[in-house]
Protein chains: 2
Amino acid sequence: MDSQPPGLDAVQVLAFDMFGTVVDWHGSIVREMRDRHPQVDADAFALAWRAGYRPAMARVMSGELGWTRIDELHRLILDGILVRFGLASLDEAERRDLNRVWHRLDPWPDAADGLARLKRRYTICTLSNGNVGLLTNMAKRAGLPWDCILSAETFRAYKPAPAAYLGVAQTFDLAPGQVMLVAAHHDDLAGARACGLRTAYVERPLEFGASQPKDVSPQPGNDLHARDFLHLADLLGVG
Amino acid sequence: MDSQPPGLDAVQVLAFDMFGTVVDWHGSIVREMRDRHPQVDADAFALAWRAGYRPAMARVMSGELGWTRIDELHRLILDGILVRFGLASLDEAERRDLNRVWHRLDPWPDAADGLARLKRRYTICTLSNGNVGLLTNMAKRAGLPWDCILSAETFRAYKPAPAAYLGVAQTFDLAPGQVMLVAAHHDDLAGARACGLRTAYVERPLEFGASQPKDVSPQPGNDLHARDFLHLADLLGVG
């Protein structure tokens, strides 16, 4: 079976967004908070932590902050929300350990099997705003079989900065059209498309939890629209 | 079994030199040259190509050249030696393809199995002067199960620059003493040791071919001295 749409046969590298696309940040944080701090509204806590993510990266990309890794940005945001959730008494070691929950996120159920299939034909790499150490720890724990871990940290540029997307192509001496970004977020895919990459949208309707189902209807412009990574492998004709 | 020397139980990351340590650059280039250009002295060709490696990196680190990847440096050296070996007539496509032999190097026979064992306890990564694309292609072809590919390219510093060794520790938020460099070259290990990393020497007596056996006798200063990666796993107590 070799059924991918025209033009996609040039693709050699699949680069994956991580948070929400490969791993379930919301569910993982909710589970860990319910274990550790059952008095806290875990759903609201996870959403508040994640809500600080874009503004924090924007401070880096605007130059207000020098280059700062996601581990440090996650910690800044965490320190800012603990009072609101009645957790101001957490000491340094507890905060540091809680912050590492982002290294311990569980993959979506199809992720490892889907990646293993896709790896048979493609070079599969991360392209996440998460830092390299975080992504490595996450992959090792979750059994994600990356050929290579690339990150905003590698290119000193947070997505959707063009340097991140183009950095993948340059790393492998490829034209942008030989790289496909796989992501569950249309703005990320739009950033990649503007740089000439091919794009695959993956539905992750529960990214924000069951109480906030996401609109996963197709949008124009993406080369592929997949329910999950197994479906993506089907669409790309990788048996 | 848990027999490693005192202090080594703090080690969490093993970083591997590649050319000569994990892969057999000399034998691989000799085999490919004998197939493609049987009239050429393949042994002398491989040695001449490799001899240009350190001087080329020195031009980058001195600032004479801006940041230049090993792929490009290998090509500069190749273009410089082709006349001497009667290969000046190779066209651009042939030169480009021959230059990619460095992406196709074969691993030493123990490498993949030894790495798989070491990966059970440690985070295993590359720390090579080879660029990320080269290392990724090499790993995919040779079945090397890295957790993460780190390179001089990642840190914009060729070994033995301290930024390369310290970059590994910083990537994983570790102290230098929690990282061990594994290499078949004493100068590389000395560079790592000067930065506070632990070091393991691995014998690769045939690195330069059977006609130029290497002195692999132990030298003081290294934490471990291993015959190969399986022996290294034994020394570290990884069953």
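Because the structure is a prediction, the values reported are computed rather than measured.

Asks: How should I be thinking about the pattern of salt bridges in this particular structure?
Replies: Side chains that carry opposite charge are capable of pairing whenever their charged atoms lie near each other. All names here are of chain B. In the structure shown here, the tally under the stated rule is 48 salt bridges over all chains. Taking the shortest distance from any N to any O, the salt bridge between aspartate 187 and arginine 54 comes out at 2.3 Å. Of this pair, aspartate 187 sits in helix α10 (residues 186-194) while arginine 54 sits in helix α3 (residues 53-61); the two residues are 133 residues apart in sequence, bridging distant segments of the chain. Take arginine 54: its relative accessible area is 53%, and that puts it in the exposed class. Taking the shortest distance from any N to any O, the salt bridge between lysine 159 and aspartate 188 comes out at 2.8 Å. Here lysine 159 is found in the loop between α8 (152-155) and α9 (162-171), whereas its partner aspartate 188 is found in helix α10, with 29 residues between them in sequence. Residue classification places lysine 159 among the buried positions, given a relative accessible area of 9%.

Asks: I'm lost on the sheet that holds strand β4 (residues 179-183) of chain B in this one. Help?
Replies: Residues and elements named next belong to chain B. Across the sheet, 6 strands lie side by side as β3-β2-β1-β4-β5-β6; this open sheet has parallel pairing. In the strand order of this sheet, the two ends are held by β3 (148-151) and β6 (224-226), each with one partner. If you compare each strand with its neighbour and ignore which way they point, the axes differ by 25 degrees on average. Strand direction decides the pairing type here: strand β5 (residues 198-202) and β6, joined by 3 bridges, are parallel. Bridge pairing links alanine 200 to leucine 224 in β6. Sitting on the sheet, α9 touches β1 (13-16), β2 (123-128), β3 and β4, and the angle it makes with β2 is about 155 degrees. Together, β4 and β5 form the strand contacts of α10, whose direction differs from that of β5 by roughly 170 degrees.

Here is what the cut-offs are and how they apply
- Residues numbered from 1 in each chain as written.
- Chains lettered and ligands numbered in written order.
- Predicted model: local features only at pLDDT ≥ 70, side-chain atom pairs only at ≥ 80, totals over all residues.
- Heavy atoms only, no water.
- Salt bridge = Lys/Arg side-chain N within 4 Å of Asp/Glu carboxyl O.
- Helix = DSSP H or I, 4+ residues; strand = E, 2+ residues; numbered from the N terminus.
- Buried < 20%, exposed > 50% of the residue type's maximum accessible area, 1.4 Å probe, protein only.
- Pairing = 2+ DSSP bridges.
- Axes fitted to C-alpha atoms, helices over the stretch in contact; angles between N-to-C directions.
- Contact = heavy atoms within 4.5 Å.

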